[in-house]
Amino acid sequence: MPDPRLLRAFLAVAEELHFTRAAARLYVAQQALSRDVRRLERELGAELFVRTTRQVTLTADGERLVPHARRALAAHEDLLAAFGQARPLLVDLNSPGLGTGHRVLTRARELAPELELMARYESGLTGAAADLLAGRLDASFGRYAGLAPALRAGLDHQPVRYEPMAVLLPEGHPLAALDAVPLDALAGSFVYAGAGNPRTPEWTDLARELFAGRGIEVAPPAPVAVGVEEFQRIMTKTRTPVLAVVDFPAMPASVSRPLIDPVPLSPVSLVWRKGLVHPALDALRRAAAELAAAEDWLRPPSEGWFPASDKVTMRLNK
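Visitor: Looking at this model, I keep getting lost on helix H1 (residues 4-16). Mind explaining?
Guide: Within an α-helix, residues lying three or four positions from one another point in the same direction, as the helix has 3.6 residues per turn. Taking 1.5 Å per residue as the helical rise, H1 with its 13 residues ought to reach 18 Å, and the 18 Å between its terminal C-alpha atoms agrees with that figure. What H1 keeps buried is the set Pro4, Leu6, Leu7, Ala9, Phe10, Leu11, Ala12, Val13 and Ala14. At the N-terminal boundary of H1, the capping side chain belongs to Asp3, with an oxygen 2.8 Å from the backbone nitrogen of Arg5. Directly after H1, the chain includes Leu17, whose backbone phi takes a positive value near 50°.

Written as structure tokens, this is what we have:
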């Protein structure tokens, strides 16, 4: 039996008779949809559509495939529903209170209330990637381009957001009086960005690229502060600014200020293991696409900055 994804692509085009509308319906890029249809045609050894610059029509073989594809997908969805309800989808949100992943998960639960999507909180996409590949975790959020190529080879992703970044400052810090902190104002400072944490090298690499040429140094490795009390103690003791995102949860003994001039952006993707099929993952992907469209999450501001290495991976090509 062909991959269900290919059958879904075929049916969307067969029902819309328009590749652009079918791609929008499936939340994929038109190029990716066309690629899936061509792959299905190769596997079946049949041309399914007649494509011209003006219209798309089904061939005789395409018309013959439609009812078979519908029955196959219905059976596949019945199987997924039976097992999807028995096994929750486990989603890593990295840290409690982070807004992007939490909002996507909340919306997915609204879209599929009959399914169970469970959250866990383990900092870092690199750390989560090992669990994704081993099947101990189903989905996570983070900077996909920051993963090692060997990890990316076994994973799929969907761009979700260019998330504005911020700096956490200890109470009483001179820059805390500003409404927003220009990056140049941090010149000569050490800023903590998770250096030495094996679960978050993608975040540390992002910080190094951002700080390069600006006279800002990544703070040297230090034990990770776990829990609010320990964070407060370390912040009070070291008074080291911490690189964060704008919706990072409020923490004691510190204030959060957005970074500007330029506005640094953290590229966030929804990431899962290649080949994973689960109805709750479909709901999670739909929720991410809805929120990204509604809030313009994937349109970086003109004054925004993010690494050149992320430009390709943040294209909507899945």
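Visitor: It is not clear to me how the confidence of the model for the chain should be interpreted in this structure. Could you clarify?
Guide: Any segment with low pLDDT has predicted coordinates that should not be analysed in fine detail. With 94% of its residues at a pLDDT of at least 70, the chain reaches an overall mean of 88. Highest mean pLDDT in the chain belongs to strand S7 (residues 181-182) (97); lowest belongs to helix H9 (residues 228-238) (75).

Visitor: Can you walk me through the environment of Glu290 in this structure?
Guide: One can find Glu290 in helix H10 (residues 279-294). In this structure the C-alpha to C-alpha distance between Glu290 and Ser254, which are 36 residues apart in sequence, comes to 33 Å.

Visitor: Would you mind showing me how to read the packing of aromatic side chains here?
Guide: A complete count under the given rule lists three aromatic pairs for this structure. An angle of 70° between the planes, with centres 6.1 Å apart, marks the rings of Phe19 and Phe49 as edge-to-face. In this pair, Phe19 is assigned in helix H2 (residues 19-26) and Phe49 in strand S1 (residues 49-51), connecting sequence segments 30 residues apart. For Phe49, a relative accessible area of 0% puts it in the buried group. Summarising the aromatic geometry, the rings of Tyr162 and Phe306 are spaced 4.7 Å apart at their centres and angled 40° between planes, so their arrangement reads as tilted. Of this pair, Tyr162 sits in strand S6 (residues 155-170) while Phe306 sits in the segment after strand S13 (304-305), placing them 144 residues apart in sequence. Taken individually, Tyr162 and Phe306 each receive the classification buried, so the pair is uniform in this respect. Clustering of aromatic rings is evident, with ring pairs tying together Phe10, Phe19 and Phe49. One residue, Arg152, lies across the ring of Tyr144, its end atom 6.0 Å from the ring centre.

Visitor: What am I meant to see in the nonpolar core here?
Guide: Side chains of nonpolar character tend, in soluble globular proteins, to be buried together. Core analysis: the biggest nonpolar cluster contains 25 residues, and Leu89, Val91, Val104, Leu117, Phe141, Leu270 and Leu284 have the highest contact counts within it. Elements that contribute at least two residues to this core include exactly strand S3 (89-92), helix H5 (99-111), strand S5 (139-142), strand S12 (263-273) and H10. Top element by residues in this core is H10. It accounts for eight residues. Aside from chain neighbours lying at most four places away, what touches Val91 is Leu105, Met118, Ala119, Arg120, Leu137, Ala139, Phe141 and Leu284. Counting residues in hydrophobic clusters, the runner-up holds 22 residues, among them Leu169, Leu186, Val245 and Trp305.

Visitor: Would you mind showing me how to read the pairing of S6 here?
Guide: Consecutive residues of a regular strand have side chains that alternate between opposite faces of the sheet. The buried count for S6 comes to 15 of 16 residues, which makes it a mostly enclosed element. Note that S6 and S12 share nine bridges and pair antiparallel. Pairing of Glu163 across the sheet is with Ser266, part of S12. Sheet topology places S6 next to strand S11 (residues 254-260); five bridges connect them, and they run antiparallel. Within S11, the position partnered with Leu168 by the bridge is Ser256.

Visitor: Is there a simple way to think about the pattern of salt bridges in this case?
Guide: Between side chains of opposite charge, a pair can form as their charged atoms come close. Counting across every chain of the model gives 20 salt bridges. For Glu290, the salt bridge goes to Arg107, with nearest N and O atoms at 2.9 Å. Here Glu290, found in helix H10, pairs with Arg107, found in helix H5; they are 183 residues apart in sequence, far enough to count as distant. You can call Arg107 partly exposed: its relative accessible area is 26%. Here Arg143 and Glu209 are joined by a salt bridge, their closest N and O atoms 3.7 Å apart. With Arg143 in the loop between S5 and helix H7 (149-152) and Glu209 in helix H8 (residues 201-211), the pair connects residues that are 66 residues apart, well separated along the chain. Judged by its relative accessible area of 37%, Glu209 is partly exposed. Salt bridges sharing partners connect three or more residues here, namely Asp92, Arg120, Asp131 and Arg136.

Visitor: Explain the side chain of Thr126 to me, please; I cannot follow it from the model alone.
Guide: You can see Thr126 is positioned in helix H6 (residues 125-134). Taking the relative accessible area as the measure of exposure, Thr126 reaches 17% and is therefore buried. A polar atom in the side chain of Thr126 sits 2.5 Å from the side chain of Glu202.

Visitor: Help me understand the environment of Ala130 in this model?
Guide: Examined against the element boundaries, Ala130 turns out to sit in helix H6. On the accessibility criterion, Ala130 (41% relative accessible area) is partly exposed. Each C-alpha atom, one on Ala130 and one on Arg257, is 33 Å from the other, the two residues being 127 residues apart in sequence.

Definitions and limits used
Residues numbered from 1 in each chain as written. Predicted model: local features only at pLDDT ≥ 70, side-chain atom pairs only at ≥ 80, totals over all residues. Heavy atoms only, no water. Helix = DSSP H or I, 4+ residues; strand = E, 2+ residues; numbered from the N terminus. Expected span 1.5 Å × (residues − 1). Buried < 20%, exposed > 50% of the residue type's maximum accessible area, 1.4 Å probe, protein only. Polar contact = N/O pair within 3.5 Å; in protein donor to acceptor, adjacent residues only side chain to side chain. pLDDT = per-residue confidence, 0-100. Phe/Tyr/Trp six-rings, centres within 6.5 Å; stacked < 30°, edge-to-face > 60°. Lys NZ or Arg CZ within 6 Å of the ring centre and 35° of its normal. Core = buried A, V, L, I, M, F, W, Y, C linked by side-chain atoms within 4.5 Å. Contact = heavy atoms within 4.5 Å. Pairing = 2+ DSSP bridges. Salt bridge = Lys/Arg side-chain N within 4 Å of Asp/Glu carboxyl O.

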